[in-house]
Each structure stands twice: as C-alpha cells, then as structure tokens.
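# Results of the structural survey
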Amino acid sequence: MLAIEADALRRTYTSRTGWLRPRRTETEAVRGVTFDVSRGELFGLLGPNGAGKTTTIKMLNTLLLPTSGTARVFGHDVAREPVAVRRRIGYVFGGDRGLYERLSALDNLRYFAELYGVGARDQKRRIGELLDLVGLTGRERERVEGYSRGMRQRLHIARGLLHRPDVLFLDEPSIGVDPVAARDLRRTVAGLAAAGTTVLLTTHYMAEADELCDRIAVIAGGRIRALGTPESLKARVGDRDVLEFEVYGVDEELLARVRRIPGVRGAAVEERGTAQALTVQSDRGAEPHARVLAALDGVRVGRVVSREPSLEDAYIAIVEDATARREPAEVTA
Amino acid sequence: MTRVARLPRLVGVGVRTHVSYMSRSPIEITFAVLVPLVYATLAVYLFRAAGDPDRLLTASVGAGLMGIWGSVLFGSGGAVQNQRWLGTLETLVVAPTPLALVLLPITLATAVTGTYAMGATVVWGVVLFGVPLDFAHPLLFLLAVPVCVLALGMTGLLLAAAFVLLRNANALANPLDTPVWLLSGLLVPVTVLPAWTHPVSWALPTTWGARAVHAATSGGDVLTPMLAALALGTGYALAAVLVLGRVERRARAAATLTLA
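Because the structure is a prediction, the values reported are computed rather than measured.

### What to know about the overall build of chain B
Of the regular secondary structure elements, chain B holds 10 helices and 0 strands. Scanning chain B from its N terminus toward the C terminus, one meets helices and strands in the order α-α-α-α-α-α-α-α-α-α. Taken over the C-alpha trace, chain B has a radius of gyration of 18 Å; the compact-globule value for 260 residues is 18 Å, and the two agree within 12%. Structurally, chain B occupies a C-alpha span of about 60 × 40 × 35 Å along its principal axes. Sequence-distant contacts in chain B: of pairs separated by 6 or more residues, those separated by 24 or more amount to 81%.

### Some remarks on the sheet that holds strand 10 (residues 223-228) of chain A
Residues and elements named next belong to chain A. Reading across from one edge, 6-7-8-3-9-10 is the order of the 6 strands in this open sheet, with mixed pairing throughout. At either margin of the open sheet sits one strand with a lone partner, and together these are strand 6 (89-93) and strand 10. Strand-to-strand, the axes of this sheet are offset by a mean angle of 15 degrees, without reference to chain direction. Pairing geometry for strand 9 (residues 215-220) and strand 10, over 5 bridges, is antiparallel. By the bridge assignment for strand 10, Ala217 is matched with Leu227. Each of strand 3 (42-46), strand 7 (167-171) and strand 8 (198-203) touches helix 6 (residues 179-194); the most contacted strand, strand 8, lies at about 150 degrees to it.

### Some points on the pairing of strand 6 of chain A
All names here are of chain A. In terms of residue burial, strand 6 counts as a mostly covered element, since 5 of its 5 residues are buried. Judged by which residues are buried, strand 6 turns out to be covered on both faces: Ile89, Tyr91 and Phe93 on one side and Gly90 and Val92 on the other are all buried. In this sheet, strand 7 lies alongside strand 6 in parallel orientation, the contact comprising 5 bridges. Across the sheet, residue Ile89 finds its bridge partner in strand 7, namely Val167.

### Side note on the packing of helix 9 (residues 205-218) of chain B against helix 10 (residues 223-254) of chain B
All names here are of chain B. Running from N to C, helix 9 and helix 10 cross one another at 155 degrees; their axes reach a closest spacing of 8 Å. Judged on the interaxial angle alone, helix 10 and helix 9 are roughly antiparallel. The chirality of how helix 9 crosses helix 10 is left-handed. Together, Pro205, Trp208, Gly209, Arg211, Ala212 and Ala215 of helix 9 and Pro225, Met226, Ala228, Ala229, Leu232, Gly233 and Tyr236 of helix 10 make up the contact between the two elements. Grouping the constituent residues of the contact of helix 9 with helix 10 by class yields 10 nonpolar, 2 polar and 1 charged.

### A short note on the domain arrangement of chain A
Where the parts come together, the accessible area they lose is often given as the size of the interface. Splitting chain A by domain gives domain 1 (4-234) and domain 2 (239-308). Here the C-alpha centre of domain 2 of chain A lies 35 Å away from the C-alpha centre of domain 1 of chain A.

### Examining helix 4 (residues 120-133) of chain A
All names here are of chain A. Between its terminal C-alpha atoms helix 4 stretches 20 Å, which fits the 20 Å expected from 14 residues at 1.5 Å a residue. For helix 4, the complete set of buried residues consists of Arg126, Ile127, Leu130 and Leu131. Buried residues belonging to helix 4 abut helix 3 (105-115) and helix 5 (149-161).

Rules behind the numbers
- All residue numbers here refer to positions counted from 1 along the written sequence of the relevant chain.
- Here every chain gets a letter starting at A, and every ligand a number starting at 1, in the order they are written.
- Restriction of local features to residues with pLDDT of at least 70 applies here, the model being predicted, together with a cutoff of 80 or more for giving and counting side-chain atom pairs; totals for whole chains, interfaces and linings are based on all residues.
- The way it works is that DSSP assigns letters per residue, a run of H or I at least four long becomes a helix, a run of E at least two long becomes a strand, and they are numbered from the N terminus.
- Atoms counted for the radius of gyration: C-alpha only. Globule rule: 2.2 Å times residue count to the power 0.38.
- Our contact criterion uses C-beta atoms placed from the backbone: two residues qualify when those atoms are within 7 Å.
- Strand pairing is defined by DSSP finding a minimum of two bridges between the two strands.
- The angle between two axes is taken between their N-to-C directions and runs from 0 to 180 degrees, where each axis is a line fitted to C-alpha atoms and a helix contributes only its stretch in contact.
- Counting other C-beta atoms within 10 Å of each residue's C-beta, where C-beta atoms are placed from the backbone, gives the exposure class: buried for 20 or more, exposed for 12 or fewer, partly exposed between.
- With respect to orientation, any angle under 35 degrees is reported as roughly parallel, any angle over 145 as roughly antiparallel, any angle of 65 to 115 as roughly perpendicular, and every other angle as oblique.
- Handedness of a crossing follows from how the near helix is turned relative to the far one, being left-handed for an anticlockwise turn of less than a right angle and right-handed for a clockwise one.
- The nonpolar class holds Ala, Val, Leu, Ile, Met, Phe, Trp, Tyr, Cys and Pro. Asp, Glu, Lys and Arg form the charged class, and all remaining residues, Gly among them, are polar.
- Where each domain begins and ends follows an automated or database-derived domain assignment.
- Each residue after the first adds 1.5 Å to the expected span of a helix.

What follows is the structure in structure tokens.
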C-alpha cells in the first residue's frame, strides 16, 4: 500500500473585501497536484514561496479541505476520515511558533503525548527516548521561551514523533536554523527514514533535499513542474555549463541583460551577506564568460567559478521555465 | 487503555497544562484579579448605601463570580485566539483527539484561573471593608464554587466552538460580558429584572451557578441550583460537541486555523 496518494488536488482560497460593494477574490494556491509516496520513502517537495507547498501539506495532513481532487494516507481519505489519518501522521513545521513558551519542554511533551494517545505507562520512556534523539536531555525542565531556535525545532520534532507516526510531514523544518543544528536535523531525518518512517519534506535548501530525498517534486504556481530522483532532475540541466560570479550590486535590469546573451539559458542572483552570487547557465561549450563580464560593465566582480550543474541549477531552470509560462493565480468577482 | 478510560487523565493533564500556562503570565493574572476588585469595591459601597450591610459578603462573592465569568468569556475566546497566535491551534487540531476534548480542558482552565478573582474579592472585602466571613453553609460554599466553575467551563466550550471560526473573537466576547452577568444575577437578583428576561436567565448555567454560590453564602437551597447548573452546563457542552464537528470542518474549508 502507498503511504501517500494525491490525485488532482486543488485548493482555492476565497477572501472578501469591502462592505457596501463586497469584492470576492479567489486565489488558486494548488491547481491539480498528483503524486504518490511509497512506504518508507523520503519525498521532497521543493518550490519558491507561494508555490503551494504548505497548502499541499495541509491538505494531506487534514488541516485544509481540498477544493477538489482526492488524497489518501495509508488508504484513508484525508477529507472523509481525518481522525484515522491523524493517528498515523506527525506534523512538524519550521519557525518559532507552535509550542507553549511559558512551559518546559517536558510539560509540552507530556501534554501532546496525552493528545496523541500515548499510553500513561509508555509516556515517560517515550519522552526520554525522544529527548535523547533530539539532544535535549538535561534541558527538558527549562522553559521553552529560553530555547534557541534550533532547540525549539528539535522539540518540534520530538513532539511530532511522540506517537510513532508512520508518515512525518516536515514543512521547512530547517528554516532559520544554524548550519550545525541543520546538519543534526538532517541526520535525525535520515535516521527516521532509515527506520521505515515515510517522510514528506518541504525545504528551500537544495543541498538538504539532494542529500536526503529519494525523490523530489518541484512545485511552482500550484502545479508540479518536475518529479524524479535528484539525479534525474540534475540530468535535465546536464547539457549546460554553470558559471558562478561573485558580484556586488546586480539589479533586475542587469540580470535581464545577462539573460539576453546568446547561449545563456538562465541566470539568477542570490544575496550572500554583503555580496551576491550570480549563477549563469549556458549551453555546453557556449563559453559566455567574457560576454557576461561585458554585460556587467560597471559592477564590481569578485571570484568566478565554473562548476558542474547541481540540483539547485536544475531547480532554478524548472522554476524559471514555470514562471515564464505562469497563469494568473487570482480571480476577482 | 480505552478512550473512555483515558478521558479523565486527558482532561486532567489538559487543565493542569493550561492553568500552568495561564498562571505564568503576571500581567494577565493581575488584570484578571484587578477588574473584579473594582467591581467588589463598587458593590460594597452600593450595598452599604442601600442600607444593606448584611449582604456585604454577597457583594464580594458576586464580584468574584463576575471575575470567573469574565475569565471564561474572554479566556475561552482568547484561549483559542492565543492558540492561533502561538501557532499551536494547528498542532492541536491535527492530533487524533476530538477537538471538543482538546478545547474542554482549555475552557475549564479559564474557569479555574477565574477563581483567583473569587479569592481576591473575598479577601479584599475582609481586609479593606471588614466584611465578616459568615457563610451560611461554608462547606457547601466550597462545593458550590467548583461546581459553578465546572458549569461555566462547560459553557465556555460552546463559546469556544463559535470562536474557532472567528479570527477576532473579542468582537463576540465584548457584547456578551455585561448582559450575561446582569441576566445571571451574579450581583443583583434576577427578580429585580423585567419578567420577559427571566426565561433567558433560566437558560444560563451562570444563573444557577450563581444562585448556588449565593445560597451557600447567605442561606437557602444550594443543592437544587447546583444540580441545575451542572445539568445545563452538561447540555451546553454536549451542544458544543455536536457543533464542533461542523465547526472544525468549516474551519478546514475556510482556512481559519492559522493567521497566515
């Protein structure tokens, strides 16, 4: 039996504004998403902000009803059998919220253990195991308000695992977490998957997805734009060369100029502290190095590196392609 | 363990958790106690001015009851809104426990923290105004207050059911505050109100809870109104259970479980 099945899932949000002449705005967040996840698989859902990742997860974990389409978790329909689904899933999201700050980690875990139906006899042992797993043993009696973001995130994971869920939904669990804590988090997630837990992970960190995921779906504009193993996604840009420029002060106009260079298939810029990283994808052998430097005339350029295409390059290519073909998401009535 | 067998433990742990959480906010506790103290002061002066010095303890207890009702009303709505702000509402809803059993300990906890007001107004009366603690039935008073708290906590569950759907729960809570304590006879008897209001008063568990507490304070039948408060409170809680199934589905359809 498949762990997760999503079939043509759609979700529309409706908002109203105005009193005398109310206007109804419908936003299509997810527009027909279909995929499945096998038991024990670690499945990644990647996409830019507003792509529909969290909405998809919230339909699968019963927090939102799909506008149309169906989804099942271990054969249980998420719309019609929410309690049966909830017994088998854990849900962990990133960020500071979602915990009782003025209580200790132990009080938080005891309370959620009751809500998740962990037997009174098992609770102490289970909570101890999880505190060990997430490295919070010894700090469990401190109030959560004194915890770092990494510690809160680890507590979130412990909470999500209290009832030994078969499926774990991780919605951007490493957001705002320092590199060491993020590495520990990846190790924990990999360990869970190795032990047989099915994991659906959303993240913005490509290295994390590349390292962890068996398969990845890239979602943009509410639709799945690509689905496959990290290697198969990378192969989509296997016929390209990638140049990475350390630059200072590249704006949209300059970026558009770079994109117009013959042989260039895509260009993206990412802020890295005071500098920017300009990534230019080009047809293999096009060698656009000199033409890019000419297009960047007047911009301070640091190191230039040529490298093999990564998952991030494949992701950028898929998302840029989707953006170029984007349909309007909002309908006003 | 069967579901029924785990129910008392679930409610117990839930109430303990939320009472601990609410009690660790000094500012919230201060306001929860201060407002009833103002009511108690006004009530004592009003009762004295009306030449009713024998009922000063009733005034203190009545102000305490207003504090419990205020705590339930704003606490039940505020508690759900607080869960939203904390981001815990989603983690509570995604748990396999029915939403009614998740929310009941929260509303009971708001009623329990409301008893701080009762303690404060009684002590305030004794210390500042020399109100004697001559309860007609002291032991029944100690029973009537927790029963009243339980009945009000169960009433809070119905309020919470409505509040899950509203992002700004205070919009509903504010207009309910004064009318309910007036109609329930928390401070002045319902008999002084127009006759057409009486059926409304009888339908409120607060009326019977207050009658039981006042009877334990100044004399009269305590058990009958206490049982009526419990029965009505249970009825409200059962209505809430029925409503919550639909409310949760609507919240999932309308996406009102989060702020974002």
